[in-house]
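Examination of the molecular architecture
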Amino acid sequence: MALAFDHAGDGAPRPISSEVVIRMDGVQKWYDSFQVLKNINLEVHKGERIVICGPSGSGKSTLIRCINQLEKHQQGTITVNGITLDSHHRHLDQVRREVGMVFQQFNLFPHLTVLQNCMLAPMKVRGTSKAEAEAIAMKYLERVRIPDQAHKHPGQLSGGQQQRVAIARSLCMNPKVMLFDEPTSALDPEMVKEVLDTMIGLAEDGMTMLCVTHEMGFAKSVADRVIFMDRGEIVEEASPAEFFTNPKSERTRNFLGQILSH
Amino acid sequence: MIRSFGYNEFLFLLSAVQWTLALSAIAFIGGATVGLFVALGRTSTIKPVRLLATGYIQLFQGTPLLMQLFLVFFGATVMGIDMNPWAAAALGLTLNASAFLGEIWRGCIQAVPRGQWEAASALGLRYPGLMRYVILPQAVKVAVPPTVGFLVQLIKSTSLAAIIGFTELTRAGQIVNNATFQPFLVFGIVAAIYFVLCWPLSLLSARLEQRYAAPAR
Ligand SMILES: Nc1ncnc2c1ncn2[C@@H]1O[C@H](COP(=O)(O)OP(=O)(O)OP(=O)(O)O)[C@@H](O)[C@H]1O
Ligand SMILES: [Mg+2]
C-alpha cells in the first residue's frame, strides 16, 4: 500500500494511507428551499482522523449523517469503501455495516442490557452466532473498560459509561469508519475525559474517524485534519497546527476567537 | 305465558357471558393482528401505504359500529355470501377493533424517540429487524395501558351484535325480558354482569398506566 504524507503537524508528520475510505463529490442537500450542504468535496483516507467544527446550524451533523444516509443528499456522489450510495438498498446496507456512528444522546436501546445492546447488530445484521456475538461484545466492552456493567440496563449507567457502551456497540460491527456527532456535548464535564480517552485509544489503533466536536484539545492532539464548516460549506481544511495558529479565512478566525475565549 | 325471573333465567344470562367473552376475544385477537399492520402502515415512510392506513382508520372511526355490523351482515347476504350473525359480528368487530388499535399503536410507535430508529439504522438493521428488536418492544410498554382500556370498550361494543341476532349477553337479556317482562330487573342484571367483566380491566388499565408513567429508568 502506497503511503502519502499529510500536512506536517506540530510533531512528526503521520503517514496517511492513500486508500480512500469516504469520498464526497459535489454533495448538495436542501431542506425544502433551504440549502444545508453546498458543494461538499471531501476525501477521507484510511486511518485518518478528521475533526469537523463550525458554528451551530452550519451543517456538520447533516454532513456526517449523509455518509450513512440517515439524511439523503440530493446532488453529488458519496462513495464509502468503494460503494456508491444510490437508490439501491443493498448498497445502503453494505455501507451501514461498515460505518459506525456515535450520537450526542447515546441512543442506547433502553429495553436491552448493555451486553444485548452490543450483541444485537452482529447477530441480526451479520448473522453471527450468539456465543460469538457475546464474545465480541465482551471484547469491546473490555476495551471501553466497562465489562462489569454488561448485565445492567443503560438507564443504570452514568452518561460517560453510556457513551462508552455506544462506542463499543458500534465497534462490535467491526466498522471501517467511525462517525462521531458531538459525542461529549451531552455529558457532565467530569465525564468528558473518559469518552475522549476512549476515542483517543481508537485513533491510536488506526481507526478512521470523523468527529464533529468542539473539543479543541482533542482536535489539536488527535486530528490529522480539521475541517471548518459555516453555512453549509467547507470553509477551511487544514492540519491542526495550521488551523489553530494560522487560519486563513475571516470566518474561521471569528469562530476560533469565540470558541477559544470560553 | 309470563314467567317470572328465577334461577334458570339467571343461569341463561350467565351462560350467554361465554359468547360475549368469545366474541370479545376473537375481535381482540383479530383486531390486534390486523391492527398491527394498520399501525405499521400508518407509520410507514411509503406515502401510499400511509394514506391507505389513514383512510382505513378514518373510515372505521368515522362511522357507527352498528352500521359497520349491518354492512358486513347484510352486505355479505347481498353479495350472495352466507354470513351467519356469529361470523358477521366477529368480522365487523375485528375490522373496527383493528382501526382503533391501529391508531392507538401508531401513537405508541411514534412515542419511541427518533434516536432509536437512527441508532438501529446506523447499525445496519433493516426495517423488519429494527421494528421487531428495537421499536416495537419499546412501543409495547407504552401500548399496554391504552390497549387494556380499549378492551373494555370492545367488550361493551359486543352488545351491538345482539341487533344482528347474535345471542350474547345483551341478546340473552332481551330474550329473558320478552318472557318475563321485568326489564328493569333483567337489564339491571345484564348491566351488572358487564360491569363485573369490565371493571377489573379498567382498574388494571389505570394501574398499568401509573406504573408505566412512573420513571422507568
Ligand atoms: N429536518 C430538518 N428540516 C429542516 N431544517 C433542518 C432539519 N434538520 C436540520 N435543519 C437545518 O439544517 C441546518 C444544519 O443543521 P445541522 O444539524 O447539520 O447543523 P450542525 O452544524 O450540526 O449544528 P449543531 O452544532 O447545532 O449541531 C440548520 O440550520 C438546521 O436548522
Ligand atoms: Mg449537530
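Here the residue numbers are simple positions, counted from 1 along each chain's written sequence. As they are written, the chains are lettered A onward and the ligands numbered 1 onward, keeping that order. Local features in this predicted model are restricted to residues whose pLDDT is 70 or higher, and side-chain atom pairs enter the listing and the counts only when it is 80 or higher, whereas totals over whole chains, interfaces and linings include all residues. Hydrogens are left out, water is left out, and the side-chain values use all remaining heavy atoms of the structure.

Let me state the cut-off plainly: UniProt positions are given in the numbering used here, feature names are shortened, and annotations may be inferred rather than shown by experiment.
The name recorded for chain B in an unreviewed UniProt entry is Polar amino acid transport system permease protein, from Azospirillum rugosum. Its UniProt record gives chain B the following Sequence similarities (unreviewed entry) comment, quoted word for word: "Belongs to the binding-protein-dependent transport system permease family. HisMQ subfamily."

Looking at the Sequence similarities (unreviewed entry) heading of the UniProt record, one finds this comment for chain A: "Belongs to the ABC transporter superfamily."

1. Observations regarding the overall build of chain A
Short version of the rule: In this description a helix means any DSSP run of H or I spanning at least four residues, a strand means any run of E spanning at least two, and both kinds are numbered starting from the N terminus. When accessible area is computed with a 1.4 Å probe and restricted to protein chains, residues below 20% of their type maximum are described as buried, those above 50% as exposed, and intermediate ones as partly exposed. Contacts are residue-level and defined by heavy atoms, with any inter-residue pair within 4.5 Å sufficient.
Across its full length, chain A holds 9 helices and 12 strands. Overall, the C-alpha framework of chain A stretches about 55 × 45 × 40 Å when taken along its three principal axes. Split into buried and exposed, the 262 residues of chain A put 56% on the buried side. Relative to all contacts within chain A whose residues are 6 or more apart in sequence, the contacts with residues 24 or more apart total 64%.

2. Here's the deal with the layout of surface pockets
Empty space among the atoms can be located by rolling a probe the size of a water molecule over them. Heads up, the condition is: Only protein atoms enter the 1 Å grid used here. Points where a 1.4 Å probe fits but cannot escape make up a cavity, open sets with protein on both sides within 12 Å along at least five of seven lines make up a pocket, and a residue lines them when an atom lies within 4 Å of a point. Grid points are joined across faces, edges and corners, and a volume is the space filled by probe spheres set on the points. Residues were grouped as follows: Ala, Val, Leu, Ile, Met, Phe, Trp, Tyr, Cys and Pro as nonpolar; Asp, Glu, Lys and Arg as charged; and all remaining residues, including Gly, as polar.
By volume, the largest pocket is sized at about 1100 Å³. For the largest pocket, the lining is made up of 32 residues, of which Lys-72 and Arg-96 of chain A together with Thr-45, Trp-117 and Ser-121 of chain B are closest to its centre. For the lining of the largest pocket, a count of residues per class yields 11 nonpolar, 11 polar and 10 charged.

3. Section: the interface of chain A and chain B
So the rule is basically this: A quick way to say it: buried area is the sum, across both parts, of accessible area lost when two parts are put together, with a 1.4 Å probe. The term salt bridge refers to a side-chain nitrogen of Lys or Arg lying within 4 Å of a carboxyl oxygen of Asp or Glu. Between N or O atoms, a polar contact is any pair within 3.5 Å; within protein, one atom must be a potential hydrogen donor and the other a potential acceptor, and residues adjacent in sequence are included only when both atoms are from side chains.
On the side of chain B, 17 residues touch chain A, which itself brings 22 residues to the contact. Together chain A and chain B conceal approximately 1800 Å² of surface at their shared face, both sides included; 65% is due to carbon and sulfur atoms. A per-residue breakdown of the area chain A buries against chain B is headed by Phe-109, Pro-110 and His-111 of chain A, which together make up 27% of the total. Here chain A is connected to chain B by 2 salt bridges. On the surface where chain A and chain B come into contact, there are 6 residue pairs in polar contact (both at pLDDT 80 or more). Among the elements that make up the side of chain A that touches chain B, the one with the highest residue count is helix α3 (residues 114-125) of chain A (4 residues).

4. Brief notes about the state of the cysteines
Cysteine pairs can be linked by a disulfide, which is a covalent bond between their two sulfur atoms. All names here are of chain A. How we decide: Two cysteine sulfur atoms form a disulfide, by the criterion used here, when they sit within 2.5 Å.
Under the defined criterion, the tally for this structure stands at 0 disulfides over all chains. For the unlinked cysteine Cys-66, the closest cysteine sulfur is that of Cys-211, found at 18 Å. For Cys-66, a relative accessible area of 0% translates into the label buried.

5. So, the UniProt feature "domain: ABC transmembrane type-1" (unreviewed entry) in chain B
Taking the numbering used here, the UniProt-annotated feature "domain: ABC transmembrane type-1" (unreviewed entry) corresponds to residues 17-205 of chain B. Taken end to end, residues 17-205 of chain B is 83% helix and 0% strand, and its first and last C-alpha atoms sit 22 Å apart.

6. Considering the site of ligand 1
Residue and element names in this part refer to chain A. Put simply, the test is: Put simply, a residue is near a molecule or strand once any heavy atom of it comes within 4 Å of that molecule or strand. The accessible surface values rely on the Shrake-Rupley method and a 1.4 Å probe; as for residues, cover is taken only from the protein chains in view.
By nearness alone, every residue bordering ligand 1 is listed as Tyr-31, Phe-34, Val-36, Pro-55, Ser-56, Gly-57, Ser-58, Gly-59, Lys-60, Ser-61, Thr-62 and Glu-182. Within the contact set of ligand 1, a nitrogen atom lies 3.4 Å away from a side-chain nitrogen or oxygen of Tyr-31. In the model, an oxygen atom of ligand 1 is placed 3.2 Å from a nitrogen or oxygen of the Glu-182 side chain. Here ligand 1, which alone exposes 640 Å², has 59% of that area covered by the protein. Top contributing element to the shell around ligand 1 by residue count: helix α1 (residues 60-67), with 3 residues.

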